[in-house]
Amino acid sequence: MATMTVQIAGSPDGMPLRIKLQQVERWRKLKAFTLVLPLLLFILVAFVLPIGRMMFNAIHDETLLTLMPQTSAALSVWDGKDLPDERVYAALAKDLKQAWAQKITGMIAKRINYELPGAGGQVTSSARKAITLSAGPYKAALIEISPLWGQRDVWSLLKRGHSAYTAYYLLRSVDYQYGPESQIVASPPESAFFRNVFLRTLGISISVTAATLLLGFPVAYLLATLPPKTSNLLMIMIVLPFWTSLLVRTTAWVVLLQDHGIVNDVLMALHVTSQPVELIFNRVGTMVAMTHIQLPFTLLPIYSVMKTIPTTHVRAARSLGAGPFYAFWKVYFPQTLPGVAAGCLLTFILCLGYYVTPELVGGATDQMVGHFVALYTNEDLNWGMASALGAILLTATLLLYYVFNKLVGVDRLKMG
Amino acid sequence: MRKTLMVALAVFGQAAGTLASAKLAFAGDQLTIVSWGGALQASLRKAVFEPFTKASGIKITEGEYSGEIAKVRAMVDSKTVSWDVLDASGTTAWTMCAQGLLETIDWKKLSLDRAKFGDVGKYDCGVPVQVSAVIVAYDKDKLPNGPKSISDLFDTKKFPGKRGLSKGPVPNLEWALVADGVPINDVYKVLRTPEGVDRAFRKLDTIKKDVVWWTAGAQAPQLLADGQVLMTAAYNGRITNAVKESGKHFEIMWDAAAQGWDYWVIPKGSPRLDDAYKFLAFGGSPQPQADLTRYIPYGPSNKDALALVDPAVLADLPNTPERDAIALHADNIFYIENGDDLRQRFTSWLAK
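Residues numbered from 1 in each chain as written. Chains lettered and ligands numbered in written order. Predicted model: local features only at pLDDT ≥ 70, side-chain atom pairs only at ≥ 80, totals over all residues.

**Student:** So what's going on with the overall build of chain A? Residues and values would help.
**Tutor:** Helix and strand counts for chain A come out as 20 helices and two strands. For a compact globule of 416 residues, the expected C-alpha radius of gyration is about 22 Å, and chain A comes in at 31 Å, more than 25% above that figure. When its C-alpha atoms are laid out on the principal axes, chain A stretches across 100 × 95 × 35 Å. Looking at chain A as a whole, 34% of its 416 residues qualify as buried. (Helix = DSSP H or I, 4+ residues; strand = E, 2+ residues; numbered from the N terminus. Rg over C-alpha atoms; globule rule 2.2 N^0.38 Å. Buried ≥ 20, exposed ≤ 12 C-beta atoms within 10 Å, placed from the backbone.)

Structure representation (structure tokens):
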């Protein structure tokens, strides 16, 4: 500011002050922008673009369009009422033969199998048999090879494949799918489990957040009120595990909680129980390990806010006649709320994305959305599904954050 | 200002330079071979990798994976294949081959007698290496009268307690059917029908709450050692090695052991195809295959190698004639056609 005033005052060339000011201002903005540019580019290239690309996969899928080009093209005029005509079947035969030669039948079969479970095998075997077909009529021949081609649902699916965009993955993520006439129907009960998984993720996250708050708040209070010598020692005990690898902490719980682990041995030695209590590979293990890992995230913001609250406030309340609890509840507690909100929000959002911990200490029914994203990415190779689940989780998180912001106000949050 | 910009540009230039040189370093004269890590990879290193480097002068860079086709698909699709040779197991190998992710092997270039490999040599995309088996293992100290047949794995009355199983449809569905009374040779015939699949899942339902699922081969002996499970599905080699190293009295039950062949395969588009072929020829030859059994009890694929195997080790191999007779032989064609469907169904079943 000082340099600016000097420059303006000493302007020799008679340029209007406003323009001069604007120039200086622009110059400063540019300078500031250049400073943040590397980080901005880094975030854009390493974060926003890949995530955006992955999210795009949730609605973009041109497997059928590119691998079965002739069938897709031929089907574009099909009205969807009866079975398509001979021309379409001829195109299908051509596509299948080509796919077999190029060894891409597997990918087509896989894509069709997503929407019509059990049909994938028939697609592969049809392709294997279709290479023997040399001349038409193809319609009867293909239906003879596999009854699949005599069903309308597979043709509706192929017709939908003519568009590079599909809502299938997003629908499937909330337990809906396309019916035989491309109408949206609920998924059959044996494959409808995603809503459950989302609810489970939400439930576990809320419970873990509540548990960390219940455990963390008193400790934070203790840390903030104890003399520095003692509180520093306590602080180290809290932060030390925080510096340990998450994997190590998780597997340590396996050692502690397993059937013949330390906890069960102690319980049995104390005759609390006669046989081992199931503490691991279930919800209990998941909750305990997650709470342990998340505790510092909730505790630290609360602590640093408590640190800034003058002790005189409570003393003043007491001197004015408030009881110890009343003074705490009416004077002290409201002032910690920004820290409580910040800590809980941090823990809650981190919990939503948990993957490794439930994988190691949870059972099959304790797996959260992250597990399924990993499963579909690495093992099932269903990247559309992985993207759709990820996109829904991200959107839900942002929505929750928005609601939170409306209710509490993010600008009121304090990390310290 | 200009200075700031220059610095920023210089930093970026340097970063780009580092990336480029990292890529160049990849293209050196060496072969990247990827296997499953752990005891198996350590054994391969001693029996195959080191002798190969000695014989051919080609250096080997090792990598590890857990059989994810995703990684191979990503490399092949983006035409940046950095894995030259891959140790792929039965159904995965066949599926990758069917999906066009692997080079088709020209056996003439290998100087190996394909007939020596018998039926497993009929695979188009690689050279069979060794056979392992998923068996049921238990701790004799804790369970003196262990399971005798695969039905016992499903018998929670006779053997109350947790069982460890591999988290996936293979070989759980097959075992479920065998335990439900399907003759072992008809398993895939039954599994090809929707009713058969339902039947397998119904049988699995009966023990679902008693199962601890594992994903990595090393977890199985660990679960058993910790007493977390009464019995567990496991790779035979992991159990034999655990017995050797820790002195535990683990016992292997060979009934319906699910045999799985491993193959050396080449991802499509490997830039070092000639060297990769040299490695495949070496990996398929009798001596290194026989040597491997000294470190881990997985059976050699080359029939000539069997003669070179130490008779003491022979007892631990999964493909001795009497074990072969009661084993479950995976139908790879079945998995190419139905693997995805069963995996989808298994995922839903498990999540419920």
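From this point, the discussion proceeds with the structure in view.
**Student:** Hey, could you go over the overall build of chain B for me, with residue numbers and the actual values?
**Tutor:** Scanning chain B for helices and strands turns up 16 helices and 10 strands. Against the 2.2 N^0.38 benchmark of 20 Å for 352 residues, chain B shows a C-alpha radius of gyration of 22 Å, consistent with a compact globule. In terms of its C-alpha atoms, chain B occupies a principal-axis envelope of roughly 80 × 55 × 45 Å. Burial analysis of chain B (352 residues in total) assigns 48% to the buried set. Once local pairs closer than 6 in sequence are excluded, the contacts in chain B between residues at least 24 apart make up 73%. (Contact = placed C-beta atoms within 7 Å.)

**Student:** Requested: an account of the domain arrangement of chain A, with residues and values cited.
**Tutor:** All names here are of chain A. Partitioning chain A into domains gives domain 1 (2–57), domain 2 (63–186) and domain 3 (194–412). For domain 2 versus domain 3, the separation of C-alpha centres amounts to 48 Å. On the domain 3 side, the residues contacting the seven residues of domain 2 number nine residues. Top contributing element to the side of domain 2 that touches domain 3 by residue count: helix H10 (residues 168–173), with four residues. (Domains from an automatic or database assignment.)

**Student:** Outline the domain arrangement of chain B, supporting the account with residue identities and numerical values.
**Tutor:** Residue and element names in this part refer to chain B. Each assigned domain of chain B is listed with its residue range as follows: domain 1 (29–132 + 261–324) and domain 2 (133–257 + 330–351). For domain 1 and domain 2, the distance between their C-alpha centres works out to 26 Å. Listed per partner, the contact involves 16 residues of domain 1 and 18 residues of domain 2. Among the secondary structure elements, those contributing two or more residues to the side of domain 1 that touches domain 2 are helix H2 (38–56) and helix H4 (90–98). In terms of residue count, H4 provides more of the side of domain 1 that touches domain 2 than any other element does, five residues in total. Considering only residue class, the side of domain 1 that touches domain 2 consists of eight nonpolar, six polar and two charged. (Nonpolar A, V, L, I, M, F, W, Y, C, P; charged D, E, K, R; others polar.)

**Student:** With reference to specific residues and values, describe helix H16 (residues 332–351) of chain B.
**Tutor:** Along H16 of chain B, the sharpest change in direction is near 65° and occurs at Asn338 of chain B. Buried residues dominate H16 of chain B, accounting for 14 of its 20 residues. (Bend = angle between axes of the 7 residues up to and from the residue.)

**Student:** How would you explain the packing of helix H13 (residues 246–257) of chain A against helix H15 (residues 283–308) of chain A if you had to name every residue and give the values?
**Tutor:** All names here are of chain A. Close contact between H13 and H15 brings their axes to 10 Å; oriented N to C, the two are set at 140°. Classified by the interaxial angle, the pair formed by H13 and H15 is oblique. Here H13 and H15 pass one another in a crossing that is right-handed. In contact with Leu246, Arg249, Thr250, Trp253 and Leu257 of H13, H15 contributes Gly285, Val288, Ala289, His292 and Ile293. (Axes fitted to C-alpha atoms, helices over the stretch in contact; angles between N-to-C directions. Parallel < 35°, antiparallel > 145°, perpendicular 65-115°, else oblique. Left-handed = near helix turned anticlockwise from the far one by under 90°.)

**Student:** I'd like a description of unusual backbone geometry, backed by residues and values.
**Tutor:** Between Val170 of chain B and the following residue, Pro171 of chain B, the backbone shows a cis peptide bond with an omega angle of -10°. By the secondary structure assignment, Pro171 of chain B is in the loop between strand E5 (163–166) and helix H6 (172–179). A positive phi angle, close to 60°, is found at Lys103 of chain A, a residue other than glycine. Relative to the assigned elements, Lys103 of chain A resides in the loop between helix H5 (86–102) and helix H6 (105–115). For Asp175 of chain A, which is not glycine, the phi dihedral falls at a positive 65°. Here Asp175 of chain A lies in the loop between H10 and strand E1 (176–178). Residue class for Asp175 of chain A comes out partly exposed when judged on the 18 C-beta atoms lying within 10 Å of it.

**Student:** Could you give an account of the interface of chain A and chain B, with specific residues and numbers?
**Tutor:** Contacts between chain A and chain B engage 33 residues on the former and 32 residues on the latter. Each residue belonging to the side of chain A that touches chain B can be placed in one class, and the counts come to 11 nonpolar, 15 polar and seven charged.

**Student:** Describe the pairing of strand E8 (residues 250–265) of chain B, and please don't skip the residues or the numbers.
**Tutor:** Residue and element names in this part refer to chain B. Summarising burial for E8: 13 of the 16 residues are buried, a large majority. Alignment of strand E3 (residues 85–89) against E8, held across four bridges, turns out to be antiparallel. Among the inter-strand pairings, Leu86 is bridged to a residue of E8, identified as Val265. Both strand E4 (residues 126–139) and E8 contribute to a ladder of 11 bridges, which runs antiparallel. The residue bridging Ala133 from the neighbouring strand is Gln259, located in E8. Inspection of the sheet shows E8 paired to strand E10 (residues 328–329) by two bridges, in the parallel sense. Considered in E10, the bridge of Ala258 is made with Leu328. (Pairing = 2+ DSSP bridges.)

**Student:** Break down the UniProt feature "domain: ABC transmembrane type-1" (unreviewed entry) in chain A for me, citing the residues and quoting the values.
**Tutor:** Taking the UniProt record as the reference, the feature "domain: ABC transmembrane type-1" (unreviewed entry) is found at residues 198–404 of chain A. Helix makes up 81% of residues 198–404 of chain A and strand 0%, whereas the separation of the span's terminal C-alpha atoms amounts to 19 Å. (UniProt positions renumbered as here; feature names shortened; annotations may be inferred.)

**Student:** Lay out the environment of Ser126 of chain A with the relevant residues and their values.
**Tutor:** Residues and elements named next belong to chain A. With respect to the helices, strands and loops of the structure, Ser126 is situated in helix H7 (residues 119–130). Spatially, the C-alpha atom of Ser126 lies 9.2 Å from that of Leu148, the residues being 22 residues apart in sequence. Once residues within four sequence positions are removed from consideration, Ser126 is found in contact with Leu96, Leu142, Ile145, Ser146 and Leu148.

**Student:** Lay out the packing of H5 of chain A against H7 of chain A in plain terms, naming residues and giving numbers.
**Tutor:** Residues and elements named next belong to chain A. Running from amino to carboxyl end, H5 crosses H7 at an angle of 90°, the nearest separation of the two axes being 8 Å. Taken together, the axis directions place H5 and H7 in an arrangement best described as roughly perpendicular. Seen from H5, the contacting residues are Ala93, Leu96, Lys97, Ala99 and Trp100; seen from H7, they are Ser126, Ala127, Arg128 and Ala130. Of the residues contributing to the contact of H5 with H7, the split by class is six nonpolar, one polar and two charged.

**Student:** I'd like a rundown of H5 of chain A, residues and numbers included.
**Tutor:** Residue and element names in this part refer to chain A. Taking 1.5 Å per residue, 17 residues should reach 24 Å; H5 reaches 24 Å between its end C-alpha atoms and fits that length. Where H5 is concerned, the buried positions are Val88, Tyr89, Ala90, Ala91, Leu92, Ala93, Asp95, Leu96 and Ala99. In this structure, the buried side of H5 is in contact with helix H3 (63–67), helix H4 (69–75), H6, H7 and helix H8 (138–145). Immediately downstream of H5, the backbone of Lys103 shows phi near 60°, a positive value. (Expected span 1.5 Å × (residues − 1).)

**Student:** Please provide a residue-by-residue account of the confidence of the model for chain B, values included.
**Tutor:** All names here are of chain B. On average, residues of chain B score 88 in pLDDT, and 92% of them reach the 70 mark or higher. Within chain B, H6 carries the highest mean pLDDT (97), whereas helix H1 (residues 2–26) carries the lowest (44). Note on residues 1–28: pLDDT under 50 across the span, and eight contacts to partners over four residues away in sequence or across chains. Two numbers describe this predicted complex: its pTM, 0.82, and its ipTM, 0.77. (pLDDT = per-residue confidence, 0-100.)

**Student:** Pulling in residues and values, what's your account of the environment of Ile302 of chain A?
**Tutor:** All names here are of chain A. Its place among the elements puts Ile302 in helix H15. Separated by 108 residues in sequence, Ile302 and Val410 have C-alpha atoms that sit 15 Å apart. With sequence-adjacent residues up to four places away left out, Ile302 is seen in contact with Gly216, Phe217, Ala220, Thr336, Gly339, Val340 and Gly343.

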